[in-house]
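These are the residues of each chain, in order.
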Amino acid sequence: MITTRNLFAAFALGLALAVPNLAFAQYGGQGLGSALSSNPMSHQGQVKPGVDDIQSNAATETPFKIIKDVKLGLKDADPEVRVSELEKLRGLQDPEVNQILVDSLSDPDVRVKIKAIDILGAREANAAVAPMSTMLFLRSTEPIVKLHLVAALGRIGDTAGVMPVMQYLGEDQDERGRGTAVFALGEIGSDKAVPLLNAVVAQDQSETVRRLAKEALQKVNGEMPTERAKTVAANTDKENQPTDQKLAKLREMDKKMEDMER
């Protein structure tokens, strides 16, 4: 009887010890990321926190996905949300981007319209010249929006925008507006603007506007580079910069970072 009891007790003890191990194995154990593990990050398995997440997100953030998200965001009732969504398109190289920006010119909120105009100008979107020129002379277009339209037409630099800007210059009585217009004409660089620019130099009451008109004439005549030409030249210089100069700049940046960490 005693032997039987001892055998039963031994069997029960063995079963009790085996059950946790069985459960441990079923839930993966420490090697596979168990909740029973002493390592709080073991449930992540073999995924390296942070690095893998960033790489995974970068891989999924394709132009198609960004554009899809932007289209959805542009339906938001909050203008600030729509503005931030448009900003995501600034550096995106996709043929659909410019059309989304052009469509946003009709947004009911001034902030959204201005954001779309400014990004189209920065992208030098020639396809936007026609709708922007039309918008420039609509009575419903706000004065501040017109100012941004003129500046954007100058940044785009398409000669199709010269006549709308000249007409705006002839109608606008505000010094800021006239100054923006003559600057834009200089950036476009069309000979058609020369007579009007000469008249501004001779007759405009603002010294600032007259100076800008003189500079615009110099740009048209090729005596002074446009802002676009300066940007192209600067980018070319960066590409052609000798390797030793690039390394020197990198070392200088590293030193500054070290000094900041001290």
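Note: the structure precedes this text.
A brief structural summary. (Residues numbered from 1 in each chain as written. Predicted model: local features only at pLDDT ≥ 70, side-chain atom pairs only at ≥ 80, totals over all residues. Heavy atoms only, no water.)

## Brief notes about the overall build of the chain
Secondary structure assignment for the chain yields 14 helices and 0 strands. Out of the 262 residues belonging to the chain, those deemed buried represent 32%. Pairs at least 24 residues apart make up 56% of the contacts formed inside the chain by residues separated by at least 6 positions. A total of about 16900 Å² of accessible surface is found on the chain, and carbon and sulfur atoms cover 57% of it. (Helix = DSSP H or I, 4+ residues; strand = E, 2+ residues; numbered from the N terminus. Buried < 20%, exposed > 50% of the residue type's maximum accessible area, 1.4 Å probe, protein only. Contact = heavy atoms within 4.5 Å. Areas by Shrake-Rupley, 256 points an atom, 1.4 Å probe, with all protein chains shown as cover.)

## Let's talk about the nonpolar core
Core analysis: the largest hydrophobic core is formed by 50 residues, its most contacted members being Leu89, Leu105, Leu120, Met132, Val165, Leu185 and Leu197. For this core, the leading source of residues is helix α8 (residues 143-156), giving 7 residues. The residues contacting Val165, other than those within four sequence positions of it, are Val150, Leu153, Ala181, Ala184, Leu185 and Ile188. (Core = buried A, V, L, I, M, F, W, Y, C linked by side-chain atoms within 4.5 Å.)

## Overview of the layout of surface pockets
One simple way to see leftover space: roll a probe sized like a water molecule over the atoms. In this model, the largest pocket occupies a volume close to 200 Å³. Around the largest pocket, the lining is made up of 11 residues, and of these Glu124, Arg155, Glu227, Arg228 and Thr231 lie nearest the centre. When residues of the lining of the largest pocket are traced back to their parent elements, those giving at least two are α6 (110-122), α8, α10 (175-188) and α13 (227-239). By residue number, the principal contributor to the lining of the largest pocket is α13, which donates 4 residues. Partitioned by chemical class, the residues of the lining of the largest pocket number 3 nonpolar, 3 polar and 5 charged. (1 Å grid on protein atoms, 1.4 Å probe; cavity = no way out; pocket = protein on both sides within 12 Å on 5 of 7 lines; lining within 4 Å. Points joined across faces, edges and corners; volume = space filled by probe spheres on them. Nonpolar A, V, L, I, M, F, W, Y, C, P; charged D, E, K, R; others polar.)

## A word on the environment of Asn98
Within the secondary structure layout, Asn98 lies in helix α5 (residues 97-103). Classification of Asn98 as partly exposed rests on a relative accessible area of 21%. Those residues in contact with Asn98 that sit more than four places away from it in its chain are Leu120, Arg123 and Ala125. A polar contact of 2.8 Å, which involves the side chain of Asn98, links it to the side chain of Arg123. (Polar contact = N/O pair within 3.5 Å; in protein donor to acceptor, adjacent residues only side chain to side chain.)

## Brief notes about the pattern of salt bridges
Throughout the structure, instances matching the rule amount to 12 salt bridges. Note that Glu87 is salt-bridged to Lys115, the shortest N-O span being 2.9 Å. Taken as a pair, Glu87 in helix α4 (residues 79-87) and Lys115 in helix α6 lie far apart in primary sequence, 28 residues in all. With a closest N to O distance of 2.8 Å, Lys219 and Glu187 form a salt bridge. Remark: Glu187 occurs in helix α10 and Lys219 occurs in helix α12 (residues 207-220); sequence separation between them is 32 residues. (Salt bridge = Lys/Arg side-chain N within 4 Å of Asp/Glu carboxyl O.)

## Thoughts on the packing of α4 against α6
Remark: α4 packs on α6, axes separated minimally by 9 Å, with the N-to-C direction vectors making an angle of 10 degrees. With respect to α6, the axis of α4 lies roughly parallel. Two secondary-structure elements touch here, α4 through Pro79, Glu80, Arg82, Val83, Leu86 and Glu87 and α6 through Arg111, Val112, Lys115, Ala116 and Ile119. (Axes fitted to C-alpha atoms, helices over the stretch in contact; angles between N-to-C directions. Parallel < 35°, antiparallel > 145°, perpendicular 65-115°, else oblique.)

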